[in-house]
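So you can see what is in the structure, the chains are spelled out below.
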Amino acid sequence: MELSGGEILIQALKEEEVEFIFGYPGGAVLHIYDAIYQQNSIKHILVRHEQGATHAADGYARATGKPGVVLVTSGPGATNAVTGIATAFMDSIPMVILTGQVTSRFIGSDAFQEVDCIGITRPCVKHNFLVESLESLSDTLKKAFHVATTGRPGPVVVDIPKDFTAPGVKTEFDYSVPVEMRSYSPPTTGHPGQIRKAVDLIMSAKRPMIYSGGGVVLGDASESFREFCRKLSYPVTNTLMGLGAFPATDKQFVGMLGMHGTYEANMAMHGCDVLIAVGARFDDRVTGEVKRFCPNAQIVHIDVDPASISKTVTVDIPIVGDVGQVLEAMNRQIEEADREIDRAAIDLWWSEIEKWRGTNCLQYDKSDSVIKPQYVVEKLYEVTKGDAYLTSDVGQHQMWAAQFYHFDKPRRWINSGGLGTMGFGLPAAIGVQLAFPDEIVACITGEASIQMCIQELSTCLQYDLPIKIINLNNRYMGMVRQWQEFSYEKRYSHSYMDALPDFVRLTESYGHVGMLIDKPGDVESAMQEAFAMKDKLVFLDFITDQTENVYPMIEAGKGQDEMRLHPAQNRELA
Amino acid sequence: MRHVIAVLLENESGALSRVAGLFSARGYNIESLTVAPTHDPTMSRMTIVTYGTERVVEQITKQLNKLVDVVRLTDLTESHFLEREIMLIKLRAVEQSRSEIKRVADIFRGRILDVTETSYIVEMTGDAEKLDAFMKSVGKDNIIEVVRSGATGIARGEKSLRI
Ligand SMILES: Cc1ncc(C[n+]2csc(CCOP(=O)(O)OP(=O)(O)O)c2C)c(N)n1
Ligand SMILES: [Mg+2]
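Treat the numbers as computed from the prediction; the structure is a model and nothing was measured. Throughout, residues of each chain are indexed from 1 in the direction in which the sequence is written. Whichever chain is written first is A, and whichever ligand is written first is 1; the rest continue in order. Where local features are concerned, this predicted model is filtered to residues with pLDDT of at least 70; where side-chain atom pairs are given and counted, the filter is 80 or more; whole-chain, interface and lining totals use all residues. To get the side-chain values, all heavy atoms of the structure are used, and hydrogens and water are removed first.

(A) Quick look at the overall build of chain B. By definition, any uninterrupted DSSP run of H or I lasting at least four residues is a helix, any uninterrupted run of E lasting at least two residues is a strand, and each is numbered from the N terminus. Each helix and strand in chain B was counted, giving 4 helices and 9 strands. Listed by position from the N terminus, the elements making up chain B come as β-α-β-β-α-β-β-α-β-β-α-β-β. A principal-axis box enclosing the C-alpha atoms of chain B has dimensions of 55 × 35 × 30 Å. To sort residues, take the accessible area from a 1.4 Å probe on protein chains only and compare it with the maximum for the residue type: under 20% means buried, over 50% means exposed, and anything in between is partly exposed. Out of the 163 residues in chain B, the part that is buried amounts to 43%. Contacts are residue-level and defined by heavy atoms, with any inter-residue pair within 4.5 Å sufficient. Contacts in chain B between residues far apart in sequence, at least 24 positions, make up 73% of those at least 6 positions apart.

Written as structure tokens, this is what we have:
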């Protein structure tokens, strides 16, 4: 079949079973837009800013596990997409970003809207391709999807010069040719010897700890992970990226770990003798001071990316492979093992953990007069029965959501963990709601973050997306203010959000429903009312306590066992 | 410790900048980097000389391996290997230093490629240490210009880096 470049692109996306393209047109991609116009199997979602397109595709990918697809023009279209590409890269999200490029013979001439897209995106993609001819377009697209979705997933940019999509020029299209890349072969099964050694160590533990990250979610390995945890009945903690891999409402779950994790999770990490790290990368927000990290532990680390192993923390038994496959092999071996777990020791360990849990580290001062942000998240959890897809922006609200919304399923908690990109929440929710039109999708945000991609309210109207926006409006860049309070003697330099818009009227002007809630007594009823509006986007502007802080906290340079607790708890402990 | 890493990579535009970018983005040291196509024109061979703790060098090889354009690599320093670098050096050669420089170049098995009334250009191959030693012997004051290729390396014996 002879097709033009634009048609090849559409056909390739169809072959990849792409449902949505998140994009924004411009000169270099006009041929492609013309091809999009002439078909109706793939739906194009027109955003209002290219950053929005990348986050929306990213949210779609995180919620579904399928690659998100973005289409932007050259120059400013590509540069606007960079933040979203970097966000996806840091969290290993499979995406294919198609960027227009100037006509091939003009490359390098500072042509109108030319940027070196390959150069600019190189450090924040898994890989990128500059399409070199019309003939190589289809093969390049196939490679891009292959690289984006296999091994440790990640964003892949395909930069397409305008002339290769021109309608008049055609070439043979055959997508059935298998991808051949001698320089790319992601690992699959783990080394059997290493697995055997690991199982032996794991079963001999007296104070074990299971620590899992985004890899379990992205690798769709939650089922085997749960089986693994339940067979062992060892304490389980998840990273910010790993929430939902193990049910948060299960007694075996000791909460999130890390900077704003629970006291019990961090203390158990510090005290463990065997640490089982699954699809996690020992991020600095997790380890605290590395020198004090799990001082007595022998560490087993399962990860699909060999470069993640012993990067920041040296491990004893590394296993490189697909997390799900490795866990299944381990589950079989635990079943068949002739050795017994030392249950008495484990019970003793649990009783120690229960003592830490008794600290009730997520306690906060309740109030009848001012809305506590934690209270809003608690009510959100109740009203949505813990079953919403919750996207988040970045700041205190993100941490409260992670602490107080108890995720029982994977792929429900959608946030920018690695890059910490403010502006992520709303566009990400667009991607999720499109993927799951009948599910509840909420975006938790702050008055600062929401303004970074607020223009996407318009996209939500165009595509009838009934997202519920939970704005924890503390009139501060709360997370920044908190650090300034703790580390800069309350010199609140530029963390005050002055001249805020009237969010209710702003939302209304975009054609949605806005609600202002400033009394604790109204929180629940407002939420009931909002979630009852099944086909409306509702912006709930909660005026919250301005000076609330996120506790507990591992401050910079401190170890896991040196958490700063809520002041009230310090009073109690004293 | 100093490590010499040999890399086979796709002979594609942008492959070199991926490697160079990796070193600068992750703050790895780089002493020299050479690259040219091999007998298989679809592939380039690169020799990277770097130094760092064992842990850092392990990360370097892992991160290099992760680059999609990298086909295969080996840390040559893990076993016996040959290392050669070529240097072209323009030296001031006047009066009595003329013969002295010629003599030193002979000792180091250098070849004189170009002669004028006041200068020589000497070609020399060897490992980095030898080239350094030659420059030291002729003395800083006599050196007008130096160009070095950076090290190329290959494993001795049966061991090989190929696909
Ligand atoms: C794009 C971007 N710029 C700056 C930051 C640094 N930053 C982290 S949290 C934060 C404040 C967020 O304020 P808000 O959205 O109101 O959330 P709150 O902490 O008040 O809940 C800032 C500025 C960031 N993470 N992302
Ligand atoms: Mg705020």
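(B) Fine view of the overall build of chain A. Looking only at helices and strands, chain A features 21 helices and 20 strands. Note on method: radius of gyration uses C-alpha positions; expected globular size equals 2.2 Å times residues raised to 0.38. Its C-alpha atoms give chain A a radius of gyration of 24 Å, within 12% of the compact-globule value 25 Å for 574 residues. With respect to the principal axes defined by its C-alpha atoms, chain A has extents near 75 × 60 × 40 Å. Of all 574 residues assigned to chain A, the portion counted as buried reaches 60%. Across chain A, the fraction of contacts at a sequence separation of at least 24, relative to all contacts at a separation of at least 6, is 76%. In short, Shrake-Rupley with a 1.4 Å probe defines the accessible areas, and a residue's cover is counted only from the protein chains shown. For chain A, the accessible area works out to roughly 21,900 Å², and carbon and sulfur atoms hold 50% of it. Averaging the coordinates of the 51 positive side-chain charges in chain A and doing the same for the 73 negative ones gives two points 3 Å apart. In this count, Lys and Arg are taken as positive residues and Asp and Glu as negative ones, while His and the chain termini are left out. The atom standing in for a charge is NZ when the residue is Lys, CZ when it is Arg, CG when it is Asp and CD when it is Glu.

(C) Looking closely at the pattern of salt bridges. Residue and element names in this part refer to chain A. Any carboxyl oxygen of Asp or Glu that lies within 4 Å of a side-chain nitrogen of Lys or Arg is treated as forming a salt bridge with it. The final tally for this structure, using the stated rule, is 44 salt bridges over all chains. The salt bridge partner of Lys-231 is Glu-335, with a shortest N-O separation of 3.0 Å. Of this pair, Lys-231 sits in helix H9 (residues 222–232) while Glu-335 sits in helix H12 (residues 323–336), and the two are 104 residues apart along the sequence. In this structure Lys-231 comes out as partly exposed when scored by relative accessible area, which is 24%. The class of Glu-335 is exposed, set by a relative accessible area of 57%.

(D) Inspection of the packing of aromatic side chains at higher detail. All names here are of chain A. Think of it this way: a Phe, Tyr or Trp ring, Trp meaning its six-membered ring, pairs with another when their centres are within 6.5 Å, and the plane angle makes it stacked under 30 degrees, edge-to-face over 60, tilted otherwise. A full pass over the atoms with the stated rule returns 19 aromatic pairs over all chains. Grouped by ring-pair contacts, the aromatic residues Tyr-381, Tyr-405, Phe-407 and Trp-413 constitute a single cluster. Only lysine NZ and arginine CZ atoms are considered, and such an atom sits over a ring when it is within 6 Å of the ring centre and within 35 degrees of the ring normal. Lying across the ring of Tyr-476, Arg-481 places its NZ or CZ 5.4 Å from the centre. Here Arg-564 stacks its cationic end above the ring of Phe-486, 3.6 Å away from the centre of that ring.

(E) Here's a closer look at the coordination of the magnesium ion (ligand 2). All names here are of chain A. Shown as donors are all N, O and S atoms within 2.8 Å of a metal ion, widened to 3.2 Å for Na, K and Ca; because water is not in the atom set, sites may appear incomplete. Protein coordination of the magnesium ion (ligand 2) is provided by Glu-447 (OE), Glu-447 (OE), Asn-474 (OD1) and Tyr-476 (O), with donor distances spanning 2.1 to 2.5 Å. Here the metal geometry follows the donor angles, with tetrahedral for four donors whose angles all fall between 85 and 135 degrees, square planar for four and octahedral for six when opposite donors are more than 155 degrees apart and every other angle is between 65 and 115, and irregular for all the rest. Note that the magnesium ion (ligand 2) binds 6 donor atoms; their angles at the metal cover 52 to 177 degrees, and the shape is irregular. Donor residues binding the magnesium ion (ligand 2) come from one chain and are separated in sequence as E-x26-N-x1-Y. Since its relative accessible area comes to 6%, Asn-474 is described here as buried.

(F) Looking closely at helix H13 (residues 343–357) of chain A. Residue and element names in this part refer to chain A. The span you would expect from a helix comes to 1.5 Å times its residue count less one. Between its first and last C-alpha, H13 extends 20 Å over 15 residues, near the 21 Å set by a 1.5 Å rise per residue. Where H13 is concerned, the buried positions are Ala-345, Ile-346, Trp-349, Trp-350, Ile-353, Trp-356 and Arg-357. Angularly, the buried residues of H13 cover 135 degrees about the axis, an arc narrow enough to put them on a single face. Residues of H13 that are exposed and point over 90 degrees away from its buried face: Ala-344, Asp-347, Leu-348 and Lys-355. Those residues of H13 that are buried lie in contact with strand E9 (208–212), strand E11 (253–256) and helix H10 (263–271). By construction, the arc corresponds to the directions joining the helix axis to the C-beta atoms.

(G) Broad picture of the sheet that holds E9(A). Residues and elements named next belong to chain A. For two strands to pair, DSSP has to find at least two bridges joining them. Judged by pairing direction, the sheet is parallel, and its 6 strands sit side by side in the order E11-E10-E9-E12-E13-E14 without closing on themselves. Each edge of the sheet is formed by a strand with only one pairing partner; in this case those strands are E11 and strand E14 (317–320). Within this sheet the neighbouring strands show an average axis-to-axis angle of 15 degrees, counted without direction. Looking at chain direction, strand E13 (residues 298–303) and E14 are connected through 4 bridges and run parallel. Across the sheet, His-301 pairs through a bridge with Pro-318, a residue of E14. Angles run from 0 to 180 degrees between N-to-C directions of axes, and those axes are lines fitted to C-alpha atoms, restricted for helices to the stretch in contact. Packing against the sheet, H13 makes contact with E9 and E11, and its axis sits at approximately 45 degrees to E11.

(H) Expanded view of the interface of chain B and chain A. Taken together, the contact pairs 18 residues of chain B with 20 residues of chain A. Across the chain B to chain A interface the summed buried area is about 1,600 Å²; carbon plus sulfur atoms make up 42%. Between the two partners, chain B and chain A, sit 3 salt bridges. Across the salt bridge formed by A:Arg182 and B:Asp40, the nearest N and O atoms sit 3.9 Å from each other. Buried area is calculated as the accessible area (1.4 Å probe) missing from two parts once they are joined, with the contributions of both summed.

(I) Examining the sheet that holds strand E2 (residues 20–23) of chain A more closely. All names here are of chain A. Spatially, the 6 strands line up as an open sheet ordered E3-E2-E4-E5-E7-E6, and their pairing is parallel. Looking along the sheet, the strands with just one partner apiece sit at the ends: strand E3 (43–46) and strand E6 (127–130). Averaged over all pairs of adjacent strands, the angle between their axes in this sheet comes to 20 degrees, without regard to strand direction. Alignment of E2 against strand E4 (residues 68–72), held across 2 bridges, turns out to be parallel. Considered in E4, the bridge of Gly-23 is made with Leu-71. Contacting E2, E3, E4 and strand E7 (155–161), helix H2 (residues 30–37) crosses the sheet at an angle of about 125 degrees to E4.

(J) Broad picture of empty space enclosed by the protein. Residues and elements named next belong to chain A. The way it works is a 1 Å grid over only the protein atoms, where trapped points that fit a 1.4 Å probe form a cavity and open points with protein on both sides within 12 Å along at least five of seven lines form a pocket, and then any residue with an atom within 4 Å of a point lines it. Grid points are joined across faces, edges and corners, and a volume is the space filled by probe spheres set on the points. Scanning the model with the defined rule gives 2 cavities of 30 Å³ or more in all. Put simply, the largest cavity is a space of about 130 Å³. If you trace the largest cavity, you find it lined by Arg-62, Asp-91, Ile-93, Gly-214, Val-217, Leu-218, Met-241, Leu-243, Arg-411, Trp-413, Ile-414 and Asn-415. For the lining of the largest cavity, the element with the most residues is helix H8 (residues 214–218), which contributes 3 residues. Partitioning the lining of the largest cavity into residue classes produces 7 nonpolar, 2 polar and 3 charged. Asp, Glu, Lys and Arg are counted as charged, while Ala, Val, Leu, Ile, Met, Phe, Trp, Tyr, Cys and Pro are counted as nonpolar; the rest, among them Gly, fall into the polar class.

(K) Molecular detail of the side chain of B:Glu83. Residues and elements named next belong to chain B. Within the secondary structure, Glu-83 sits in strand E5 (residues 81–92). Under this definition, polar contacts are N or O atom pairs within 3.5 Å; protein pairs additionally need one hydrogen-donor-capable and one acceptor-capable atom, and for neighbouring residues in sequence, both atoms have to be side-chain atoms. Separated by 2.7 Å, the side chains of Glu-83 and Arg-2 make a polar contact. Those residues in contact with Glu-83, other than ones at most four positions away along the chain, are Arg-2, Val-4, Gly-126, Asp-127, Ala-128, Ala-151, Thr-152 and Gly-153.

(L) How the structure looks around the site of ligand 1. All names here are of chain A. We define proximity as follows: a residue is near a molecule or strand when any one of its heavy atoms falls within 4 Å of that partner. For ligand 1, the set of nearby residues contains 17 residues, the closest of which are Gln-396, His-397, Gly-420, Ser-449 and Gly-478. Within the contact set of ligand 1, an oxygen atom lies 2.9 Å away from a side-chain nitrogen or oxygen of His-397. Note that an oxygen atom of ligand 1 is positioned 3.0 Å from one of the side-chain N or O atoms of Glu-447. Here ligand 1 loses 77% of its free accessible area of 590 Å² to cover by the protein chains. Only helix H15 (396–404) and helix H18 (478–487) provide two or more residues apiece to the shell around ligand 1.

(M) Summary view of the environment of A:Cys460. Residue and element names in this part refer to chain A. Structurally, the position occupied by Cys-460 is in helix H17 (residues 457–462). For Cys-460, a relative accessible area of 1% translates into the label buried. For Cys-460 and Ile-430, which are 30 residues apart along the polypeptide, the C-alpha to C-alpha distance reads 6.9 Å. When near neighbours in sequence (up to four residues on either side) are disregarded, Cys-460 contacts Leu-426, Ile-430, Leu-465, Ile-467, His-512 and Leu-537.

These figures come from the coordinates and say nothing about function on their own.
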